[in-house]
Each structure stands twice: as C-alpha cells, then as structure tokens.
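Understanding the architecture of this molecule
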Amino acid sequence: MPKPVTQDLRVIIGGGGEMGVRTAELLSDRGHDVVIVESDPDRCNELSEKYVATIIEGDASRPEKLRQAQPERSDVVAALTDDETTNFAICMAAQRMSDARTVMRINETPDELYEEFVDGLVFPERLGARAATNEIEVSGVRTIEDIGGNVEVVEVEVADDAPVAGKRLDEVRLPRGSLIIVDYHGNRLGGPDTLLEAGHRYVLAVESNVADEVMNLFRG
Amino acid sequence: MSHSGGREPSVSLSLLDATMVGIGAMIGAGIFVLTGLAVDISGPAALVAFALNGGVTTFTALSYAELASAIPRNGGGYAYVREVFSAPVAFVMGWTRWFTYMIAGSLYALGFASNFLEWGHIYGITLPGQPVLYALGAVVALVALNGLSTEASGRGETVITIVKIAILAVFVVFGLTATRVNEFDPLFTKGPLSLLPAMGLTFIAFQGYDLIATVTEEVENPQVNIPRAILLSVLVTVVVYLFVVFVAIGTLGAEELAGAGETAIAQAAEGFMPSFPIIGTGASLIAFGAVFSTISALNAVVIGSSRVAFAMGRERQLPARLGRFHHRYGTPLVAIMASAVVMLIAVVVVPIRIVGNLASLFSLLGFIIVNYALIRLRRRQPDLQRPFEVPFYPVTPILGIVCNALLGLFIDPFTWILAIGWLLFGGVVYLALSRRGDIGPSGPPEIQEPEPIQTTDTDD
C-alpha cells in the first residue's frame, strides 16, 4: 500500500539523465527531498554541482546501491533511466525493500500488465508527441496538461470573429465546467473584469464534455 | 527557502555573504556576555579555554562541512540528522537544537539588557527598572518583527557583521597598546582543571555556524562554498575571540573582568579607549557594539529557533501547524510564537550562568550526534557523493565526539538535571503526539519482510 502523502516527500530518482535531473529540480523547488542514483561518475559530479539532490553513485537496479538511497524511508521511487528493463528492475527491488510508491518511465507502448506492478507510468514519447503537436499547430489551441480524469488545461487564442472577442468576462457565459485561469502573459488571473481580446491567449481549465462549447466561444 | 515558493534566482549569496551569516551568529553576543563569566571560572586561562574550544569546534565544523556538501537540505544540523537516523533520534536532535537556540536567545536578551543599562551609565543616565524587563522587551520586539514580516536578507546581515567586527577591531587595536602581559602570569590562577567548566560555559559562543547550512539554497555554487564558509567562519571567529579576550584580560586584569560579568568587555574598554567626537568615550562605542551585537544575535536565534521548529513541523515530528506559514503574514508564525514562549520563560526564571551552561550542554549533545551521523552515513552510504570530505577520517569525527562528551561531563550537575528534565519533557511530548496521531506517518510504516528470492536449488 502506498503511504499517505505527507507534506514533504522524500523521493528517490533512479537515473540522473536529463529527465531525472529536471524532475529533481521541479521537486526540489516544491520543497521535497530528492535522492538521485546515477551510475556514471562524471555525470555524478555534474549533478552534485547543481546541488538539488543527494547523489549516490551506482546502478540503481543493483539492490545494494538502491538500498543506500534508503527506499524504506522514502515516499516515492521513480525509475527514470532510458532503459525500460532497468526501470522495471528498480521498481521491483524498491517494492521488496519498502512500501514506497513506484513510478516507472517507459519507452514503448505500455505493456497492459504494468499497472499491476507499478503505481505510475511515465511515457515521455507520448508527452513529446503532444509538445510536437502544439508546436506544429502554432495558432489556436494547445494542451498544457491532462489533469487525469476528464479535465484538461488548455491554452486558447481568441479568434478575431469569435463570440467572446472583445467582451469582458462578466458579459459572457462560459459553460459550467470551464474556468479561465490566466491570460497568456501570465500577469492576471481570470476575474469578472478580464477582457477577452482577439489575438490574445488564455489558459483555461475545461471538462471534456464542455470542451467543444468552449472552443466554439473562443475560436468561433 | 524552497518552502517559500520556489528558488529566487536574484537572491544569490557569495562566499563572503555566507561566511558572514556564520560569523554574525558567532561573533556577537557570546564574546560580550560570556568573557567575564569565563574569566571568573578559570582566571587568565580563559584565553586558553577559548582557544581549545575553537579547536574542539573545528572537528564538528568539518563534519558539518562534509554533510552540507553532500546533502542539499534546508534546516541545518537537524536536516542532516533526520536524513541519517530514525525518527526518535532526529526528534532528540531537533528538540535539543530548538532548545539551544531558544536558550541562546534568552542569554542574548539578558546580555543585551545588561549592556544597554551599562551604555546608559556611560552617558550618566540611570535607566529605571530591572534588566529583566529590558530583556523581555527585546524578545517581544524581535518576535513581533520576525512574526509579522519575512526576515531580512543575507546581505543586510553582511553589513551588520562587518560593523560588529569593525567595532571589535577598534577595541583590539587600541587595547593592544595598553595590554600588560604580566596579567597572564600566573596563567592558571584557579588550576588547570578549571579550564573544562570554562570551556563548557563558553562553548555556545561557537555554535552559530550551522546557520550557514540553513541558507544553503541561496548560496552560489553551494556544494563548494558552504563547506568553505563553515570552516572560514569558525577560523575568523576563533581569531577574533582570542584577540578580544587577550586584550580584555591584559588591560582590565582577570579579577576586575570577572567582577564585571556580562558587561566585561565594555568595562575593559573604559580603561584605555580614547574619546571620539559625537560618540563620546571609546567605552561607549564598545558598549554600543555590545548592544548592537546582542540584538543582532538575538534576531539570528529567533529566526534559527523558528526554522528548527518549522522543519520539525514539516517532517511531522512536531504538530504540522508549526510547519505552516501564516496565511496573512507569510511567516512561520506558530513556530516563532512557540519559541518565544520558552525564551520569555527562560529570561525570567533561569540565571544567566545556568542559561549559558544549558545552551552549551545542548550544543555539545547536538554536535556529538552530528559527528556520529557523519560516521554512520559513511558506513551506510559509501557511494554517496561527497564533494568535501573530512580529512583523517575516522579520527576527526571520533575526536569530535570524545571532546564534546568530555566538555559535557564538566558542566555542573544542576544543568544536567535541567537538561534531562527538558529531554524527558520532550519524550512525553513525543509519545503524546504520536499516540494522538499528530505526528509521524499514520501508523508505523509497514515494511515487508523480504521474501526469499527463488533461486535454482544448488544446496540440495
């Protein structure tokens, strides 16, 4: 059973590549304690200079190295190396040693049975595809994040002839299940006096069943 | 701090700034408040006591430097111990660190009060009321200041610390011309063994460097600069202390210095300082330095103590409320208030010498745990990246443990009784809180017994 989430997490990251480090930085910024296990000595020196996590030099899929990171005291073990088999081994070893939540990075279409073995899957290629789609379809709508469930955070540009163009937020009726979070420049949170200007981008949270309606209002 | 909502790239402290954070906490109250009391115990040999304390502290400072370079955590010594030991040991460490800061706070508040009244005396003003009232006032004022707004930046601390060092430098430069070396002959007027209690009493003066570890995330190139800042600040502090104590004993003489108690340095200055324009006598400059230093040190420990309580709250070792920011003021208000209550009680109830001894004893206990944490971490995590390594391992940390323990043993029994009382109280609090489910994960973590791994049967 995963532990209840406490205020600050202790997280072990297997693999100190780009993904492992970026994850560590984000976690550290949010106040969590991170331990990275990385096998390449040169890479370890680089990571140590960043000073965002405790670094253990060694192959995380070797139990003797993983144990040094103290999984039994940790809330989450995230195996983020670029090798799927290694990641699976790390998660399995971590589960034997502890009751930490396990998160595993995969590189191919997920094996259906993974969910029985690990608590969370990360599929960078799928995330990458979304980013690529956003870049290709430059104008209009881009997905920022799936919040699981059926809520999506999207960034939408108000089209010139859209119904809401040039209106204040208290003059328009957005469907229930949608919320303007912030304008694209990131200066203001949405409020009754937010002006929806054509050509500007806004970040919205939308439930999937009203996404169509919202797109209609913003894109025309 | 990362808890306050992300790294601020603009806030980056240089090696100098980080070093000054440590020096600022160490040079200040201790030198003004404790010199007279130490001389009272061991005579002119108090100078030796300060020197030896510097040596003892260096062992632990090296351990701190290694831990700080390897474990990027806010929270200082408590955070490192939390990383290495089980929850109850970390609780003891946090509980004693917290108490050390609070007790040091009351020591500085009392030192402030005495020196403030002395400052008035120099100008011929006799201020009304008991010193205790001024001490209480200082605590209340600083707690209010820290509770209602976020703390001043490290750069402000740098300026304040340089002013402190400058005032002491003036004291030393003028004093050296007036120093009579024969004051140190005989050196051991109270016997060589009197060194140990004097060392125990003054040890607290050298414990401020762990504040450097609490600002790690704002320091440039931290994994190199933090160990350096820790060692540099200890070195500079020891040198400054030795000069100041040398001059104080050499000019005023051990007898009179002992009689002056917590205003000893200011009184020594009266003997040889020339007059300055505006400020008046040189002695008033030193008295001002003492007032200024005790206040800034008090401010440092108010922040330090609330940070420890805050860290313990975040780790669920004390009620979570201590680990939260106040919704309106954006400060760890509950942690600050909790610390303030103990400081106020200590100011009123405990005599200054006991206060000094208690703070030193808890410092020593904490430092023993830190040295042991280093040894344990080396054993359990041999592949941990350690950009700075303690030289002559394991001799250095073992010497640290032995010396700290030895000094602790020479602190008087009454202080030990108070200390044990506080630890027992901590034990009761810990048990009560964990029984109520206020702290710790809900229920002990269930760790599965490792199942025997199926291998091909080679035994049969």
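Naming follows an unreviewed UniProt entry, where chain B appears as Amino acid permease of Haloferax litoreum. Quoted straight from UniProt, the Subcellular location (unreviewed entry) entry for chain B says "Cell membrane".

Going by the annotation in an unreviewed UniProt entry, the name recorded for chain A is NAD(P)H-binding protein, with Haloferax litoreum given as the source organism. Taken verbatim from the UniProt record of chain A, the Function (unreviewed entry) comment is "Part of a potassium transport system."

**Here we look at the overall build of chain A**
The number of helices and strands found in chain A is seven helices and twelve strands. With the principal axes as the frame, chain A shows a C-alpha extent of 65 × 40 × 35 Å. Considering chain A as a whole, with its 220 residues, one finds that 48% of them fall into the buried category. If you take every contact in chain A between residues at least 6 apart in sequence, the share linking residues at least 24 apart comes to 52%. In the form shown here, chain A has an accessible surface area of approximately 11,500 Å², with 48% of it arising from carbon and sulfur atoms. The average position of the 23 basic charges and that of the 43 acidic charges among the side chains of chain A differ by 4 Å.

**Overview of the overall build of chain B**
The secondary structure content of chain B amounts to 16 helices and two strands. In chain B, buried positions account for 57% of the 460 residues. Within chain B, residue pairs in contact and separated by at least 24 positions form 84% of the contacts whose partners lie at least 6 positions apart. Accessible surface, chain B as shown: approximately 18,300 Å² in total, 67% of it carbon and sulfur.

**A short note on the packing of helix 3 (residues 46-70) of chain B against helix 14 (residues 352-380) of chain B**
Residues and elements named next belong to chain B. Their axes nearest at 9 Å, the elements helix 3 and helix 14 cross at an angle of 50°. For the element pair helix 3 / helix 14, the angle class is oblique. Judged by the sense of rotation from one axis to the other, the crossing of helix 3 with helix 14 is left-handed. Residue-level contacts link Phe59, Thr60, Ser63, Tyr64, Glu66 and Leu67 of helix 3 to Phe367, Val370, Asn371, Leu374, Leu377 and Arg378 of helix 14. When the residues that make up the contact of helix 3 with helix 14 are grouped by side-chain class, the tally is seven nonpolar, three polar and two charged.

**Here's the deal with unusual backbone geometry**
All names here are of chain B. Note the cis peptide between Tyr393 and Pro394, where omega equals 0°. Looking at where Pro394 falls in the secondary structure, it is placed in the loop between helix 14 and helix 15 (395-409). The backbone of Asn221 sits at a positive phi, close to 45°, despite the residue not being glycine. With respect to the helices, strands and loops of the structure, Asn221 is situated in the loop between helix 8 (195-202) and helix 9 (222-252). Positioned with a positive phi, Phe392 is a non-glycine residue whose angle comes to about 60°. Tracing the sequence through the fold places Phe392 in the loop between helix 14 and helix 15. Judged by relative accessible area, Phe392 falls into the exposed class, the value being 69%.

**Observations regarding the sheet that holds strand 4 (residues 76-79) of chain A**
All names here are of chain A. Sheet architecture is open: six strands sit in the order 3-2-1-4-5-6, paired in parallel fashion. Two strands in the sheet have a free side with no partner beyond their single neighbour: strand 3 (54-57) and strand 6 (120-122). On average, each strand axis in the sheet is tilted by 20° relative to the strand beside it, whichever way the strands run. Pairing of strand 1 (residues 10-14) with strand 4 involves four bridges; the strand directions are parallel. Looking across to strand 4, one finds that Ile12 is bridged to Val77.

**Quick look at the packing of helix 2 (residues 29-42) of chain B against helix 12 (residues 282-314) of chain B**
How two helices sit against one another is set out by the angle between their axes and by the gap between those axes. Residue and element names in this part refer to chain B. One can describe the packing of helix 2 onto helix 12 by two numbers: an axis separation of 7 Å at closest approach and a directional angle of 115°. Taken together, the axes of helix 2 and helix 12 are roughly perpendicular relative to one another. Contacts between helix 2 and helix 12 involve Ala29, Phe32 and Val33 from the former and Ile286, Gly289, Ala290, Ser293, Thr294 and Ala297 from the latter. The class makeup of the residues in the contact of helix 2 with helix 12 is six nonpolar, three polar and no charged.

**Digging into the packing of aromatic side chains**
Residue and element names in this part refer to chain B. A complete count under the given rule lists 25 aromatic pairs over all chains for this structure. Between Phe91 and Tyr430, the ring centres sit 4.5 Å apart and the planes meet at 50°, which makes this aromatic pair tilted. Of this pair, Phe91 sits in helix 5 (residues 87-122) while Tyr430 sits in helix 16 (residues 413-436), and the two are 339 residues apart along the sequence. The class for Tyr430 is buried, based on a relative accessible area of 18%. Among the aromatic residues, those joined into a ring-pair cluster are Phe91, Trp95, Trp98, Phe99, Phe362, Trp422, Phe425 and Tyr430. Just above the ring of Tyr101 sits the side chain of Arg97; from NZ or CZ to the centre is 5.4 Å. Taking the ring centre of Tyr393 as reference, the NZ or CZ of Arg378 above it sits at 4.3 Å.

**Quick word on the UniProt feature "domain: RCK N-terminal" (unreviewed entry) in chain A**
UniProt's feature table lists "domain: RCK N-terminal" (unreviewed entry) at residues 8-122 of chain A, given in the numbering used throughout. Taken end to end, residues 8-122 of chain A is 40% helix and 23% strand, and its two terminal C-alpha atoms sit 22 Å from one another.

**Things to note about a nonpolar patch on the surface**
Together, B:Leu176, B:Leu232, B:Leu235, B:Val239 and B:Phe243 make up an exposed nonpolar region whose accessible area comes to about 430 Å². The biggest single contributor to the nonpolar patch is helix 9 of chain B, with four residues.

**Observations concerning the environment of B:Thr237**
Tracing the sequence through the fold places B:Thr237 in helix 9. Counting along the chain gives 48 residues from B:Thr237 to B:Thr189, while the straight-line C-alpha distance between them is 26 Å.

**Re the environment of B:Arg376**
Residues and elements named next belong to chain B. Its location among the elements puts Arg376 in helix 14. Given a relative accessible area of 25%, Arg376 falls into the partly exposed group. If we ignore the near neighbours within four places in the chain, the residues touching Arg376 are Val84 and Phe85.

**What about the side chain of B:Thr19?**
Residue and element names in this part refer to chain B. Take Thr19: it is sitting in helix 1 (residues 15-26). Accessibility expressed as a relative area gives 7% for Thr19, which makes it buried. Apart from the residues lying within four places of it in its own chain, the contact partners of Thr19 are Ala229, Leu232 and Ser233.

**Concerning the state of the cysteines**
Tallying each qualifying case throughout the model produces zero disulfides over all chains. With no disulfide of its own, A:Cys91 lies 20 Å from the sulfur of A:Cys44, the closest cysteine sulfur.

**As for the side chain of B:Asn53**
Residues and elements named next belong to chain B. As for its position among the elements, Asn53 is in helix 3. Among the polar contacts listed, one links the side chain of Asn53 to the backbone oxygen of Met199, at a separation of 3.0 Å. Side chain to side chain, Asn53 and Thr202 meet in a polar contact 2.9 Å long. Setting aside residues no more than four positions away along its own chain, Asn53 makes contact with Met199, Thr202, Phe203, Phe206 and Leu407.

Parameters and conventions
Residues numbered from 1 in each chain as written. Chains lettered and ligands numbered in written order. Predicted model: local features only at pLDDT ≥ 70, side-chain atom pairs only at ≥ 80, totals over all residues. Heavy atoms only, no water. UniProt positions renumbered as here; feature names shortened; annotations may be inferred. Helix = DSSP H or I, 4+ residues; strand = E, 2+ residues; numbered from the N terminus. Buried < 20%, exposed > 50% of the residue type's maximum accessible area, 1.4 Å probe, protein only. Contact = heavy atoms within 4.5 Å. Areas by Shrake-Rupley, 256 points an atom, 1.4 Å probe, with all protein chains shown as cover. Lys, Arg positive; Asp, Glu negative; His and termini not counted. Charge placed at Lys NZ, Arg CZ, Asp CG, Glu CD. Axes fitted to C-alpha atoms, helices over the stretch in contact; angles between N-to-C directions. Parallel < 35°, antiparallel > 145°, perpendicular 65-115°, else oblique. Left-handed = near helix turned anticlockwise from the far one by under 90°. Nonpolar A, V, L, I, M, F, W, Y, C, P; charged D, E, K, R; others polar. Pairing = 2+ DSSP bridges. Phe/Tyr/Trp six-rings, centres within 6.5 Å; stacked < 30°, edge-to-face > 60°. Lys NZ or Arg CZ within 6 Å of the ring centre and 35° of its normal. Patch = residues over 30% accessible without salt bridge, like charges linked within 9 Å, V, L, I, M, F, W, Y side chains within 5 Å. Salt bridge = Lys/Arg side-chain N within 4 Å of Asp/Glu carboxyl O. Disulfide = S-S within 2.5 Å. Polar contact = N/O pair within 3.5 Å; in protein donor to acceptor, adjacent residues only side chain to side chain.

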